[in-house]
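Letter by letter, the chains look like this.
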Amino acid sequence: MNSNQLPNTLQQLFGVTNQHVTELPGNTANSLYLQSEVIQAFQRMQQAAAVAGHDLQIASAFRSFERQEAIWARKFSASSQDEAGIATILHWSALPGTSRHHWGTDMDIYDATALGEQKLHLVREEYTEGGPCWPVWRWLQDHAAEYGFYWPYQGRGNGVAAEPWHLSYAPLAAKYLELWRDPNTISEWALLLQSRKLPGFPLLLQDLEALIRRYTLQVEPIPSEVQR
Ligand SMILES: [Zn+2]
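Residues numbered from 1 in each chain as written. Predicted model: local features only at pLDDT ≥ 70, side-chain atom pairs only at ≥ 80, totals over all residues.

Caption draft 1: Focus on the nonpolar core. One finds Leu34, Met45 and Phe149 to be the most contacted residues of the largest nonpolar core, which totals 41 residues. With 6 residues, the next largest nonpolar core counts Trp72, Phe76, Ala94 and Leu95 among its residues. (Core = buried A, V, L, I, M, F, W, Y, C linked by C-beta atoms within 7 Å. Buried ≥ 20, exposed ≤ 12 C-beta atoms within 10 Å, placed from the backbone.)

Caption draft 2: Fine view of the sheet that holds strand S6 (residues 166-169). Read across the open sheet, the 4 strands follow the order S3-S4-S6-S5; overall the sheet is antiparallel. Across the chains shown, the open sheet's two edge strands, defined by having one partner strand only, are strand S3 (56-60) and strand S5 (149-150). Two elements, S5 and S6, share 2 bridges in a ladder whose sense is antiparallel. Residue pairing across strands places Tyr150 opposite Ser168, the latter belonging to S6. Packing of helix H8 (residues 170-179) onto the sheet brings it into contact with strand S4 (106-111), S5 and S6, and relative to S6 it is tilted by some 90°. (Pairing = 2+ DSSP bridges. Helix = DSSP H or I, 4+ residues; strand = E, 2+ residues; numbered from the N terminus. Contact = placed C-beta atoms within 7 Å. Axes fitted to C-alpha atoms, helices over the stretch in contact; angles between N-to-C directions.)

Caption draft 3: How the structure looks around unusual backbone geometry. With phi around 55°, Leu122 is a residue other than glycine that occupies positive phi space. Tracing the backbone through its elements, the reader meets Leu122 in the loop between helix H5 (112-115) and helix H6 (124-127). Taking the C-beta count within 10 Å as the criterion, Leu122 has 17 such neighbours and is therefore assigned partly exposed. A positive phi is found at Lys197, a non-glycine position, where the angle reads about 50°. Relative to the helices and strands, Lys197 is located in the loop between helix H9 (183-195) and helix H10 (201-204).

Caption draft 4: Fine view of the pairing of S4. Of all 6 residues in S4, 5 are buried, a share of seventy percent or more. Here S3 runs beside S4; their pairing, made up of 4 bridges, is antiparallel. Of the residues in S4, the one forming a bridge with Leu56 is Asp111. The pairing of S4 with S6 spans 3 bridges and is antiparallel. Of the residues in S6, the one forming a bridge with Met107 is Leu167.

Here it is in structure tokens:
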């Protein structure tokens, strides 16, 4: 299948286009891409965080299907290549086409100044009490909703680890998530994985709907106080 034949919304959902994202200005360390509305909301939040003494920065933003595919291929080849192996991978990483990072609405954040010379690992210890990103996380707990952001992964039993660094821009992300409720979306995604000869695809094919229900749809609801 040629992914260019997919509707625009599905191309964005699966990360097979980057037409919906633009580069975050002024970021010298690495190139980061998000939707322009998300960039504006993030920059307003970043400025407010700076006033409160936090150096709020983005470690990872838009990620393409190909990037996610490479992550999957590496992890799958190192796994037991059975159902248990797949569950272990999906605890930490999304299947290509299903990552919220494809949408240009989601990001992994940290406090660059507080981190200093340390390397960021995106682990719980960095975001809990005593960790370098604990103060900015606490500030975000009080203020992220004012800018439209919330935490979709809080480790409440859907099989995905809690990700205190992962923020989602609710006004746009809600629309992408909704697309996954359409059975046609799952069919198109299956065709895409098949055409890419994704490693482990025959195993996944046994129950793609269940994978989407558990790992994609079963996320935190958008809290009522989030601006939309
Ligand atoms: Zn993330």
